[in-house]
Amino acid sequence: MAPPRWRLGRRPPLAAALAFAVIFHAAEHLAPPLPLGQARRHAGGTASVPAPGGLLAAVGASYSQALVAHPIPAKSLTAGLLFAGADAAAQRIEAAKGLDKRRVGASAAVGLMFFGPAAHLWFRWVLRLVPGHGLLSLFAKTALGQVFFGPYITTVFFAASLWCNGELSVPMLRRKISADLWPTILAGLGFWPIVET
């Protein structure tokens, strides 16, 4: 029996979204790493090996420098890797027989070529349009994202889904948008505003 085809708006994107949220949740709660070469103290004295967090700190510092020097390429590469990883995790959650590499590649392409650059430009614009960090500002930014950015990226995912299934054409994309865009957006309202706030 062939594995189920990827259909956006069904279980796989929810699983991918949950995997994506888990990755970010875990990253937020990591203990701050020690600088390279700093030794950890233990009962028997001081260890002479570099602290385990040192490499993570060095990678984090390099990534921060890349975000400043080349924000769009850095964010695009990050989004591509995270989207690919989230899709691979979603396939594991779905208990797929094997890894659908075309689907992982399509998810990576969406992150790399669409979400990364678009999110950079979108958040830059939204932060100028709605300055501040208060609760009202947060709700306004979230609402703008749900009304404008959400439909854009959902449409891109629809196109990627159709491409994965060998069905991508303008008429098919129009039908997919007509049938599934608003149900998908409405389903996302129970998840994304909570994650974004």
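Given the structure is predicted, the values throughout are model-derived calculations rather than measurements.

A. Broad picture of the pattern of salt bridges. The full count for this structure, using the stated rule, is three salt bridges. Here Arg-103 ties to Asp-87 by a salt bridge, and the two come within 2.8 Å at their closest N and O atoms. One end of the pair, Arg-103, is in helix H4 (residues 101–129); the other, Asp-87, is in helix H3 (residues 71–93), with 16 residues separating them in the sequence. Its salt-bridge partner being Asp-180, residue Lys-176 comes within 2.8 Å of it at the nearest N-O pair. Taken together, the residues span about one helical turn, with Lys-176 and Asp-180 both in helix H6 (residues 170–188) at a distance of four residues. The buried category is assigned to Lys-176, whose relative accessible area is 11%. Salt bridges sharing common partners tie together Asp-87, Glu-94 and Arg-103.

B. Representation of the packing of H4 against helix H5 (residues 135–164) in the model. At a closest axis distance of 10 Å, the pairing of H4 and H5 adopts a crossing angle of 160°. Judged by the inter-axis angle, H4 sits roughly antiparallel to H5. Seen along the crossing, H4 lies across H5 with a hand that is right-handed. Along its contact with H4, which presents Arg-102, Arg-103, Ala-106, Val-110, Phe-114, Phe-115, Ala-118, Ala-119, Trp-122, Val-126, Leu-127 and Leu-129, the element H5 presents Lys-141, Leu-144, Gly-145, Phe-148, Phe-149, Tyr-152, Ile-153, Val-156, Phe-157, Ala-160, Trp-163 and Cys-164. Among the residues making up the contact of H4 with H5, the classes are represented as 20 nonpolar, one polar and three charged.

C. H5, seen in detail. Maximal helix bending in H5 amounts to about 40°, located at Phe-149; proline Pro-151 follows within four positions. A positive backbone phi angle near 70° is found at Gly-166, which sits one or two residues after H5.

D. Quick peek at the confidence of the model for the chain. Mean pLDDT for the chain: 77, with 71% of residues reaching 70 or above. Low pLDDT, under 50, characterises residues 1–15; the stretch is placed with 30 contacts to residues that sit more than four places away or in other chains. Below pLDDT 50 for its whole length, residues 18–50 participates in 38 contacts with residues either more than four positions away or in separate chains.

E. Summary view of the packing of H5 against H6. In contact at an axis separation of 10 Å, H5 and H6 are set at 135° when each is read in the N-to-C sense. Between H5 and H6, the interaxial angle falls into the category oblique. Considering only the axes of H5 and H6, their crossing is right-handed. When H5 is examined against H6, the residues Gln-146, Gly-150, Pro-151, Thr-154, Thr-155, Phe-158, Ala-159 and Leu-162 are found in contact with a partner set consisting of Met-172, Leu-173, Lys-176, Ile-177, Asp-180, Leu-181, Thr-184 and Ile-185.

Parameters and conventions
- Residues numbered from 1 in each chain as written.
- Predicted model: local features only at pLDDT ≥ 70, side-chain atom pairs only at ≥ 80, totals over all residues.
- Heavy atoms only, no water.
- Salt bridge = Lys/Arg side-chain N within 4 Å of Asp/Glu carboxyl O.
- Helix = DSSP H or I, 4+ residues; strand = E, 2+ residues; numbered from the N terminus.
- Buried < 20%, exposed > 50% of the residue type's maximum accessible area, 1.4 Å probe, protein only.
- Axes fitted to C-alpha atoms, helices over the stretch in contact; angles between N-to-C directions.
- Parallel < 35°, antiparallel > 145°, perpendicular 65-115°, else oblique.
- Left-handed = near helix turned anticlockwise from the far one by under 90°.
- Contact = heavy atoms within 4.5 Å.
- Nonpolar A, V, L, I, M, F, W, Y, C, P; charged D, E, K, R; others polar.
- Bend = angle between axes of the 7 residues up to and from the residue.
- pLDDT = per-residue confidence, 0-100.

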